[in-house]
Amino acid sequence: MHTRPRAGEDGMPYFIVADIGTQGTKTAVVDEKGRMVSSAFYPSELKKQPGGRVEQDPDEMFLSVVRGMREALALSRIAADNVAAIALDGQMAGILGIDERGNAVTPYDSWLDTRCEAYMPRIKAWGEDEIVRITGCPVTYSHGPKILWWKHERPDVYRRIAKFVVPSAFAAGRLAGLQADQAYIDYTHLHFSGFADTGKAEWSDALLKAFAVEKGKLPRIVAPWEKIGQLAPLYAQETGLLAGTPIVAGCGDTAAATLGAGIVKPGQLFDVAGTASVLSCCVRGYHPDAERKTLIYARSVVPDLWTPLAYINGGGQCLAWFRDQWNKREDGAERSFDDWNRLAAEVAAGSDGLLFVPHFGGRVCPNDPDLRGSWLGLEWAHDQSAMYRSILESVAYEYRYYLDTLERLAGDVAYSRVTAVGGGARGQLFNSIKADVLGIPYETLKVNDTALIANAVIAGYGVGLYRNLGDTAQRFAVADRVYAPDAANRAVYERNAERYRIAIDGLGELYRKLK
């Protein structure tokens, strides 16, 4: 049962929370009212190698958490005994292997890494429809194919792996000094696991047997608010916190961002405009998308709720790539995203017929590994501003496809608003384009780091401070600005969204012929 935490000298409990992202780790101190008191950010190195490899150093990721906690605590100027609990979230579709002592024996095999692609047809051949029904997720670049890659391509390393874990559980486990037999995965990650019966929140004996994966290599399954341990003395000294501070399991980054945005009632739509571009919805009931294999049926942090989602594997990364290619202004200064957004705002809706395909590493939802990034319809009149705007519009067109699939599964739901968070949510033009393409108002929040706020909610619930996860999250999510759809632009985008869909279907086949 939950017990109320002891407050510090100022009478208010605080939480130390961290979001282990693709570009780095953001850490914060959050008070019991959901207000961010202080924060710190430490970048991570994304190692890109030939053959589709994208890795991160687990020890570097963990060190970014420790350093961030130390800095955020120091900036907050609160006493260590005011900290009631610790919670972390992290990247979801990638994995790493740990040994019996909890130390990493593999790099972090990123969700952006595509080296496991050769194992995806083998999994599909077993019966992808049934896999979708069991796991809630189409076969994609997630834990299942990655585990098979390590098993068959690096058998010597595979034998040393005691457990496969996700970044948030790896870091929390290290903080608590957990051994491999205490390793865990929280249930918001299960759809990406490849071997879980997500509806039942347990490992699937049928799938493990079919692919000869030992159940012993997989960690126990827990709820996000379960207390998995206490801060070890070594890391208490490193962070400035008290040894014995409770640590809860935490969850996946998208699950955290969704909860922190107050998406806890059926019919709410949510956009995570980050390195990946994610569109999700809150629903009751588990209805996997076995037909189109577009939506991933993920568990919400809130029990008995589901957040089906689809995403572009690096949608926001396409914008960063573009900026890096053409980052010099005429005066020699580097162009920022704000500079590019101002230039793109001068281009008419539809980018004068120019289309962009944002799938540099293959399409994930639905899965098409042969598809690649492209511009279509380039003319002499198109310039860099039109090219940049076409990237923004391509994400919105993908979202339109995802929304059509959501409506087919969930029925005709009256969506009143899309709540947007992430770095891309700061772009007014991006929000306006998405509102126009979907025909639904877009809303941003006063606090954009919703994953960090969600971690505080989960930690507070885990130690008995909050009675209800959903009500608390909704109370903390305060609206900032609403972007209403423009009727004239919507007419243009209706036609272009259909052109985009035709282009995507045709290009997948074209790229297969070019292999």
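The shown structure was predicted, so the numbers you read here are calculated from the model rather than taken from an experiment.

## Let's talk about the sheet that holds strand β17 (residues 269-273)
Part 1 of the argument: Strand order in this open sheet of 6 strands is β19-β18-β17-β22-β23-β24, and the pairing throughout is mixed. On the outer flanks of this sheet lie β19 (309-312) and β24 (479-483), each paired with one strand and no other. The sheet shows a mean angle of 20° between the axes of neighbouring strands, direction not considered.

## Here we look at the packing of helix α13 (residues 450-462) against helix α14 (residues 469-476)
Part 1 of the argument: Interaxial distance between α13 and α14 falls to 10 Å at its minimum, and their mutual angle equals 145°. Note on packing geometry: the crossing formed by α13 with α14 is right-handed. Touching I453, V457, I458 and Y461 of α13 are L469, T472, A473 and F476, all from α14.

## Focus: the confidence of the model for the chain
Part 1 of the argument: Looking at the chain as a whole, the pLDDT averages 93, with 97% of positions reaching at least 70.
Part 2 of the argument: Overall, residues 1-9 carries pLDDT values under 50, and its contacts beyond four positions in sequence, including any with other chains, amount to 23 contacts.

## Quick look at the sheet that holds strand β5 (residues 53-56)
Part 1 of the argument: If you walk across this open sheet you meet the 3 strands as β4-β5-β8, and the pairing is antiparallel. Lying at the two open borders of the sheet, with one neighbouring strand each, are β4 (47-49) and β8 (108-109).
Part 2 of the argument: Strand direction decides the pairing type here: β4 and β5, joined by 3 bridges, are antiparallel. From the neighbouring strand, Q49 faces β5, where its bridge partner is R53.

## Considering unusual backbone geometry
Part 1 of the argument: Geometrically, the link from C365 to P366 is a cis peptide bond, its omega value of -5° lying close to zero.
Part 2 of the argument: Assignment of secondary structure puts P366 in the loop between β20 (355-357) and β21 (374-376).
Part 3 of the argument: Its identity is not glycine, yet K293 carries a phi of approximately 55°, on the positive side.
Part 4 of the argument: Topologically, K293 is positioned in the loop between β18 (277-281) and β19.
Part 5 of the argument: Positive phi outside glycine occurs at D352, with the angle close to 55°.

## Focus: the nonpolar core
Where a protein is soluble and globular, its nonpolar side chains tend to be buried together.
Part 1 of the argument: Ranked by internal contacts, the top residues of the largest apolar core, which has 181 residues, are F15, L88, L175, F195 and Y311.
Part 2 of the argument: Per-element accounting of this core gives the leading share, 13 residues, to helix α11 (residues 384-410).
Part 3 of the argument: When residues no more than four places from it in sequence are discounted, the contact partners of L175 are F62, V65, V66, M69, L88, Q230, L231, A232, Y235 and I247.

Calculation rules
Residues numbered from 1 in each chain as written. Predicted model: local features only at pLDDT ≥ 70, side-chain atom pairs only at ≥ 80, totals over all residues. Heavy atoms only, no water. Pairing = 2+ DSSP bridges. Helix = DSSP H or I, 4+ residues; strand = E, 2+ residues; numbered from the N terminus. Axes fitted to C-alpha atoms, helices over the stretch in contact; angles between N-to-C directions. Left-handed = near helix turned anticlockwise from the far one by under 90°. Contact = heavy atoms within 4.5 Å. pLDDT = per-residue confidence, 0-100. Core = buried A, V, L, I, M, F, W, Y, C linked by side-chain atoms within 4.5 Å. Buried < 20%, exposed > 50% of the residue type's maximum accessible area, 1.4 Å probe, protein only.

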